[in-house]
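Listed here are the chains, written in short residue letters.
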Amino acid sequence: MSAPASSFRLTTQRQIIFEELLKAKSHPTASELYDLVRKRLPHIGLGTVYRNLELMAEQGMILKIEVGGTQKRFDATTGSHYHIRCSVCGKVDDIDVPVTHELVVQAADSSSYLILGHHVEFTGICHNCQRQPLH
């Protein structure tokens, strides 16, 4: 995890939001995280949770995951890694495959862009959805 910038204040609300995100391995949406945070901060609003998540993502403290046209999800693991999304239920998990930095080299060689990074999203059907009967 990257340390927050020195001007970024880790308020009590942000600390609790971050702690709940660390505990949640499901890459929750702001709404899902709001439900978790509200157990500790009953008077917090969804907008407050969302704004703080956006600020923490801007500071590099957490990742904002925008996958496959679904709601933004958030991840406390900020190191380079890939995600896999269930195309049935939308669940997002980390996938333990090596990050391919060669893609950045290939992209740089085939374009005039200064490549800053890349995102790879794997899609599939999670174990729970595979067990559901077809409708």
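Residues numbered from 1 in each chain as written. Predicted model: local features only at pLDDT ≥ 70, side-chain atom pairs only at ≥ 80, totals over all residues. Heavy atoms only, no water.

Draft legend 1. Structural context of the packing of helix α2 (residues 30–37) against helix α3 (residues 46–58). Two elements in contact, α2 and α3, have axes separated by 9 Å at closest approach and are oriented at 115 degrees. By the criterion of interaxial angle, the relationship of α2 to α3 is roughly perpendicular. Seen from above, α2 lies across α3 with right-handed handedness. Residues A30, S31, L33 and Y34 of α2 form the contact with α3, whose own contacting residues are L46, V49, Y50 and L53. Per-class residue counts for the contact of α2 with α3 are seven nonpolar, one polar and no charged. (Axes fitted to C-alpha atoms, helices over the stretch in contact; angles between N-to-C directions. Helix = DSSP H or I, 4+ residues; strand = E, 2+ residues; numbered from the N terminus. Parallel < 35°, antiparallel > 145°, perpendicular 65-115°, else oblique. Left-handed = near helix turned anticlockwise from the far one by under 90°. Contact = heavy atoms within 4.5 Å. Nonpolar A, V, L, I, M, F, W, Y, C, P; charged D, E, K, R; others polar.)

Draft legend 2. Region of interest: the side chain of E20. Looking at the element boundaries, E20 is found in helix α1 (residues 12–23). E20 sits in the buried class, given a relative accessible area of 7%. (Buried < 20%, exposed > 50% of the residue type's maximum accessible area, 1.4 Å probe, protein only.)

Draft legend 3. Geometry of the pairing of strand β3 (residues 82–86). The element β3 is largely enclosed, with a buried count of four among its five residues. In terms of strand pairing, β3 meets strand β4 (residues 92–95) through four bridges, oriented antiparallel. Paired with Y82 across the two strands is I95, which belongs to β4. In this structure, the hairpin formed by β3 and β4 is closed by a connection of five residues, where G90 is found at a positive phi of approximately 85 degrees. Across four bridges, the pairing between β3 and strand β5 (residues 121–124) is parallel. By the bridge assignment for β5, H83 is matched with E121. (Pairing = 2+ DSSP bridges.)

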